[in-house]
Amino acid sequence: MDRSRGEPQVAPTEDLARGAAAGDPAALDELLHAIRPEVVRRCGRFLPCREDAEEAAQDVLLQVARKISTFQGRSRFSTWLYTVVANCCRQKYRELKRRSVEQPAPIEAERHVDPRTTSVIAGSRLDLLEALDRLEREHPQLVEPLVYRDICQLEYAEAAERAGIPLGTFKSRLHEARKQVRPWLAEAP
């Protein structure tokens, strides 16, 4: 407790993550509470619909709770978290896409709003998710560099470490990923 202000001190996220990874349930609860706003914001960068982003954020928090023991502290917790966010959002996108194909819902024309025509930002995110999905099918080794650097906006060295490849290889794969994705995004409606 900060005696000068009478407020409890908040442990930095990195310390909470290490404590949670070591099995401290109080640290895990505090960590999940602390990261929730950031997780929702990060999920919103992937998924344009707020409800989908919030649902993906719940999946992220669940994965963090389940997998925190695998966090070894070799990189920053935020780097580990970005990986979980990216994977959960991509999985949520695939699930939503599959669900829409399996159970197409009737849409009233006057109530249907296509985010591609109403929001440049939302449309570009939909297009990017489509491109990532295609890239994963055609060149799976190129997905991580693109996600870590261009979406999670990690520094090159940190992203290469997270991907588990040398920096030169990371940069080469990132260049190739951008080269592959660029025309797909250009041809998107």
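Here the structure is shown first, and the text comes after it.
About the cut-offs
Sequence order sets the numbering: in each chain, residues are counted from 1 along the sequence as written. Selection of residues for local features in this predicted model requires a pLDDT of at least 70, selection of side-chain atom pairs for listing and counting requires 80 or more, and totals for whole chains, interfaces and linings are taken over all residues. Excluded from the side-chain calculations are hydrogens and water; all other atoms, namely the structure's heavy atoms, are used. Exposure classes here rest on a 1.4 Å probe applied to the protein chains alone. A residue is buried below 20% of its type maximum, exposed above 50%, and partly exposed in between. Helix and strand definitions follow DSSP, with helices as H or I runs of at least four residues and strands as E runs of at least two, each counted in order from the N terminus. What makes two residues a contact is simply this: any of their non-hydrogen atoms within 4.5 Å. The angle between two axes is taken between their N-to-C directions and runs from 0 to 180 degrees, where each axis is a line fitted to C-alpha atoms and a helix contributes only its stretch in contact. Angles below 35 degrees are treated as roughly parallel, those above 145 as roughly antiparallel, those between 65 and 115 as roughly perpendicular, and all remaining angles as oblique. Two cysteine sulfur atoms make up a disulfide if the distance between them is within 2.5 Å. Aromatic pairs are defined between Phe, Tyr and Trp rings, using the six-membered ring for Trp, whenever the two ring centres lie within 6.5 Å; interplanar angles under 30 degrees are classed as stacked, those over 60 as edge-to-face, and all others as tilted. A ring is scored as having a charge over it whenever the NZ atom of a lysine or the CZ atom of an arginine sits within 6 Å of its centre and within 35 degrees of its normal.

Q: Which parts of the structure should I look at to understand helix α7 (residues 143-151)?
A: The α-helix winds at 3.6 residues per turn, so residues separated by three or four positions along the chain end up facing the same way. Within α7, burial applies to Val-143, Pro-145, Leu-146, Val-147, Tyr-148 and Ile-151. Once α7 finishes, Gln-153 follows within two positions and takes phi at roughly 60°, a positive value.

Q: Which parts of the structure should I look at to understand the side chain of Asp-133?
A: With respect to the helices, strands and loops of the structure, Asp-133 is situated in helix α6 (residues 120-138). Among the residues examined, Asp-133 registers a relative accessible area of 12% and is labelled buried. Residues contacting Asp-133, with those up to four places away along its chain left out, are Arg-94 and Lys-97.

Q: Even after reading the chapter, I still don't get the packing of helix α8 (residues 156-163) against helix α9 (residues 167-187), so can you show me in this structure?
A: The axes of two packed helices give the description: the angle between them and the distance between them. Remark: α8 packs on α9, axes separated minimally by 9 Å, with the N-to-C direction vectors making an angle of 95°. Here α8 lies roughly perpendicular to α9, going by the angle between them. Contacts from Tyr-156, Ala-157, Ala-159, Ala-160 and Ala-163 of α8 reach α9 at Leu-167, Phe-170, Lys-171, Leu-174 and Arg-178.

Q: Looking at this model, I keep getting lost on the state of the cysteines. Mind explaining?
A: Put plainly, two cysteines are in a disulfide when a covalent bond ties their sulfur atoms together. Applying the stated criterion across every chain, the model contains zero disulfides. For the unlinked cysteine Cys-89, the closest cysteine sulfur is that of Cys-43, found at 3.5 Å.

Q: Looking at this model, I keep getting lost on the packing of aromatic side chains. Mind explaining?
A: Each aromatic ring pair is described using two quantities: the centre-to-centre distance and the angle formed by the ring planes. Scanning all chains against the criterion turns up four aromatic pairs. Aromatic rings pair up to connect Phe-71, Phe-77 and Trp-80 into one cluster. Here Arg-149 stacks its cationic end above the ring of Tyr-156, 4.2 Å away from the centre of that ring. In this structure, Lys-171 packs its charged tip against the face of Tyr-156, placed 5.3 Å from the ring centre.

Don't take any of this as a statement about function, it's just geometry.
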